[in-house]
Amino acid sequence: MELKMRLCVALLSLSLCLGLMGHVRAQEEADDVEMDVEDAIDDMREEDVEEEEEKAPGPPPVPTVTYRAPEPMGEHYFAESFDKGTLQGLNKRQPTTAEETDAESEVALDWEVEEMKDTKLPGDKGLVLKSKAKHHAISALLLRPFTFDTKPLIVQYEVNFQTGIDCGGAYVKLLAQTPDLDLEEFVDKTPYTIMFGPDKCGEDYKLHFIFRHKNPKTGEFEEKHAKKPDADLRTYYTDKKTHLYTLVLNPDNSFEILIDQTVVNSGNLLNDMTPPINPPAEIEDPDDHKPEDWDERPKIQDPDSVKPEDWDEDAPAKIPDEDAVKPDGWLDEEPEYIGDPDALKPEDWDEDMDGEWEAPQIPNPICETAPGCGPWERPMIDNPNYKGKWKPPMIDNPNYQGVWKPRKIPNPDFFEDLHPFRMTPFSAVGLELWSMSSDIFFDNFFVTSDRTVAERWAADGWGLKKAAEGAAEPGLVNQMITAAEERPWLWIVYVLTVALPLVLIIVFCCTGKKSPASTSAAEYKKTDAPQPDVKEEAEDEEAKEEESGLIDKHKSEDDILRRSPRNRKPRKD
């Protein structure tokens, strides 16, 4: 009985939760229908509805964050917030005549300084890449060239993929200081010292940190790529929020890459770059060749082994089962497949061109009720005498010499650079991009050697954006509902998360109450003091009940005798 009550309560609770979920979905459908009806109303009714909506109380106002343009408060080499609203000081790449006729190498000129489309911080402007499927290039000079000596390098800027990103980059280049540097001719071949920032194509999410290292022996430059971050970068490309990208290079060759002031990659220039900074001290001799008698076989066939005389290589692997018996009812004369009797020859069938027409084959319906049709054959089974082709057993090769490798010789191109941090000085910052997405928003570029100054700049710029976006975000419940609308299966998770604990609490805490008798028996005799046996107490109580019953019986008999006419006393006149 108790188990049935628990099951009933559990089913009742589950039904209640499913009913609530159905009510929510029904309410959503009702809202959708209501929206469709409102969309169908004519223009005059829409004006009335708009007036009523203006009068109706709305949600509480979102806290506002007042924007104030960041100002550099310490030593820096470059600072640009674009809040002046112009491209003054920036150099846009001008196309040549050849490029104007070459669509593939066309360079777009549509850079604009404007606010984000869905800005949460009015007054905050940035540099926006306006078009897609084109090359874009823009650059600016530093206040003074940056020289890699005893101070660290900190580069940071903000990116917002307002419309998402399909394939393209948003990385920045620190252009090397060279005598022939011309920002008006800034292209992909322009020498740079460091390339840093996000890049994505398909499902490949990258965060580049590349620097060009100069070979001290040959003077040639080679690109060195940082290892791939272990962190999942997908969210930074898809959430349409503004993110802060920071690169920190230290004179001890260590580096850190941060997104939103959180480290996502770190390492050392000497150990964590590909290809390595320093080549190997020894290399394989290209003129060394393996001797003809070099034996690399660890195992060989035993030359002394002989095939046994009873080994039959011709025995088949499968043989008919001699114990098998044809099932009763097997239809030997009926084919397994027959021509479709309902098929008709196409009207355009030409026997001269297409040959004689034959109906398509279908399973014989007569065979559906029979164990089989057609000529019966014994099933095949494994041959117990099958051994296959005989091969000598393998033994260790007594002449094994190991895997041959060319001998090592000193690397003629070897060098050892223990200070790769001392890179080529750079004097300009540039964006040279190709993207299949438009409206990429850039803001608050900053180059400095003081990390404290960089953090203050980030707090005054990106920090305000983060606060404004956070204030405009919906509450937790709205976020959960929005997520469930995109992924309906989340409703099941929500229901189970809420209903399962509730059902367990009701079943195990609110049902199955023990009776007083069982409670007294269970809690009986919990002390060390002597206690009478339960059985003896029960017998004493039964004896008392019987005795009281006899007493009541005698009293009732006496009452009857008193009331009898024979026992009444005569009345005196």
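Overview of the structure. (Residues numbered from 1 in each chain as written. Predicted model: local features only at pLDDT ≥ 70, side-chain atom pairs only at ≥ 80, totals over all residues. Heavy atoms only, no water.)

### Considering the overall build of the protein
In terms of helices and strands, the protein carries 11 helices and 26 strands. Long-range contacts, defined here as pairs at least 24 residues apart, represent 75% of the contacts in the protein between residues at least 6 apart. Surface exposure of the protein reaches about 38600 Å², of which carbon and sulfur atoms provide 53%. (Helix = DSSP H or I, 4+ residues; strand = E, 2+ residues; numbered from the N terminus. Contact = heavy atoms within 4.5 Å. Areas by Shrake-Rupley, 256 points an atom, 1.4 Å probe, with all protein chains shown as cover.)

### Some remarks on the packing of aromatic side chains
Under the counting rule described, the total for this entry stands at 16 aromatic pairs. Between Tyr-77 and Phe-146, the aromatic rings sit 5.0 Å apart at their centres with planes inclined by 70°, giving edge-to-face as the arrangement. Of this pair, Tyr-77 sits in the loop between helix H2 (43-55) and strand E1 (78-80) while Phe-146 sits in strand E6 (residues 134-146), and the two are 69 residues apart along the sequence. Pair check on accessibility: Tyr-77 and Phe-146 agree, each one buried. Here the aromatic rings of Phe-161 and Tyr-237 are separated by 5.8 Å at their centres, their planes lie at 15°, and the arrangement is stacked. In this pair, Phe-161 sits in strand E7 (residues 153-161) while Tyr-237 sits in helix H4 (residues 234-238), placing the two residues 76 residues apart along the sequence. Classification of Phe-161 by relative accessible area gives buried; the value is 3%. With relative accessibility at 3%, the residue Tyr-237 sits in the buried group. Chaining the aromatic ring pairs together yields one cluster made of Phe-82, Trp-111, Tyr-157, Phe-196, Tyr-245, Phe-442 and Phe-445. Geometry around Tyr-77 places Arg-144 over its ring, the cationic atom sitting 4.3 Å from the centre. (Phe/Tyr/Trp six-rings, centres within 6.5 Å; stacked < 30°, edge-to-face > 60°. Buried < 20%, exposed > 50% of the residue type's maximum accessible area, 1.4 Å probe, protein only. Lys NZ or Arg CZ within 6 Å of the ring centre and 35° of its normal.)

### Digging into the state of the cysteines
Here, the word disulfide means a covalent bond between the sulfur atoms of two cysteines. Throughout the structure, instances matching the rule amount to 2 disulfides. Here Cys-167 pairs with Cys-201 through a disulfide, and the sulfurs are 2.1 Å apart. Judged by the torsion about the S-S bond (-90°), the Cys-167/Cys-201 disulfide is left-handed. Of the two residues, Cys-167 sits in strand E8 (residues 167-169) while Cys-201 sits in strand E10 (residues 192-201), which places them 34 residues apart along the sequence. Using a relative accessible area of 18% as the deciding quantity, one classes Cys-167 as buried. In this model Cys-367 forms its disulfide with Cys-373; the gap between the sulfur atoms is 1.8 Å. Linking Cys-367 and Cys-373, the disulfide has an S-S dihedral of approximately -120° and is accordingly described as left-handed. In this structure Cys-367 comes out as buried when scored by relative accessible area, which is 16%. Going through the protein in sequence order and numbering each bonded cysteine, the pairs you get are 1-2, 3-4. (Disulfide = S-S within 2.5 Å.)

### Quick look at the environment of Trp-311
Positionally, Trp-311 belongs in the loop between strand E18 (299-301) and strand E19 (318-320). Between the C-alpha atom of Trp-311 and that of Tyr-386, which follows or precedes it by 75 residues, the distance is 9.1 Å. The residues touching Trp-311, leaving out its near neighbours within four places in the chain, are Lys-387, Gly-388, Lys-389 and Trp-390. Of note is the side chain of Trp-311, whose polar atom sits 2.8 Å from the backbone oxygen of Gly-388. (Polar contact = N/O pair within 3.5 Å; in protein donor to acceptor, adjacent residues only side chain to side chain.)

### Quick notes on the side chain of Thr-193
Among the secondary structure elements, Thr-193 is positioned in strand E10. The exposure class assigned to Thr-193 is buried, which follows from its relative accessible area of 1%. With near-sequence residues (within four places) excluded, Thr-193 lies in contact with Phe-148, Leu-174, Ala-176, Ile-210, Phe-211, Arg-212, Met-423, Thr-424, Pro-425 and Phe-426.

### Re helix H6 (residues 451-460)
Among the residues of H6, Val-453, Ala-454, Trp-457 and Ala-458 are the ones counted as buried. Down the axis of H6, the smallest arc covering the buried residues is 140°, so these residues share one side. (Arc of directions from axis to C-beta.)

### Description of the pairing of strand E12 (residues 221-226)
As paired strands, strand E11 (residues 204-214) and E12 are joined by 5 bridges and run antiparallel to one another. Within E12, the residue paired with Arg-212 across the bridge is Glu-223. Connecting E11 to the next strand, E12, in antiparallel fashion are 6 residues, including Gly-219 with a positive phi near 80°. (Pairing = 2+ DSSP bridges.)

### Here we look at a negative patch on the surface
Among the surface-exposed residues, Glu-347, Asp-348, Asp-350, Asp-352 and Asp-354 lie close enough to one another that they form a single negatively charged patch. By the element assignment, Asp-350 lies in the loop between strand E20 (337-339) and helix H5 (351-354). (Patch = residues over 30% accessible without salt bridge, like charges linked within 9 Å, V, L, I, M, F, W, Y side chains within 5 Å. Salt bridge = Lys/Arg side-chain N within 4 Å of Asp/Glu carboxyl O. Lys, Arg positive; Asp, Glu negative; His and termini not counted. Charge placed at Lys NZ, Arg CZ, Asp CG, Glu CD.)

### Re the pattern of salt bridges
Pairs may arise between side chains of opposite charge once their charged atoms sit close together. According to the stated counting rule, one finds 23 salt bridges in the structure shown. A salt bridge links Lys-345 to Glu-351, with the nearest nitrogen and oxygen atoms 3.7 Å apart.

### Structural notes on the nonpolar core
Judged by nonpolar contacts, the single largest core of 61 residues is most densely connected at Leu-153, Ile-194, Phe-209, Leu-249 and Phe-442. In this view, Leu-249 contacts Phe-148, Pro-152, Leu-153, Ile-194, Phe-209, Ser-254, Phe-255, Leu-269, Phe-421 and Met-423; residues no more than four positions away in its chain are not counted. The next biggest cluster of nonpolar side chains, apart from the first, holds 7 residues, and it includes Val-248, Leu-258, Val-453 and Ala-454. (Core = buried A, V, L, I, M, F, W, Y, C linked by side-chain atoms within 4.5 Å.)

### Description of unusual backbone geometry
Excluding glycine, most residues fall at negative phi; most peptide bonds, likewise, are trans. Residue Pro-275 is bonded to the preceding Thr-274 through a cis peptide linkage, with omega at -10°. For Pro-275, the position within the fold is in the loop between strand E16 (273-274) and strand E17 (282-284). In the Ramachandran plot, Asn-253 falls in the positive-phi region, its phi being about 80° despite a non-glycine side chain. Turning to its location among the elements, Asn-253 is positioned in the loop between strand E13 (243-249) and strand E14 (254-259). Judged by its relative accessible area of 4%, Asn-253 is buried. Even without a glycine there, the phi angle at Asn-444 is positive, about 55°.

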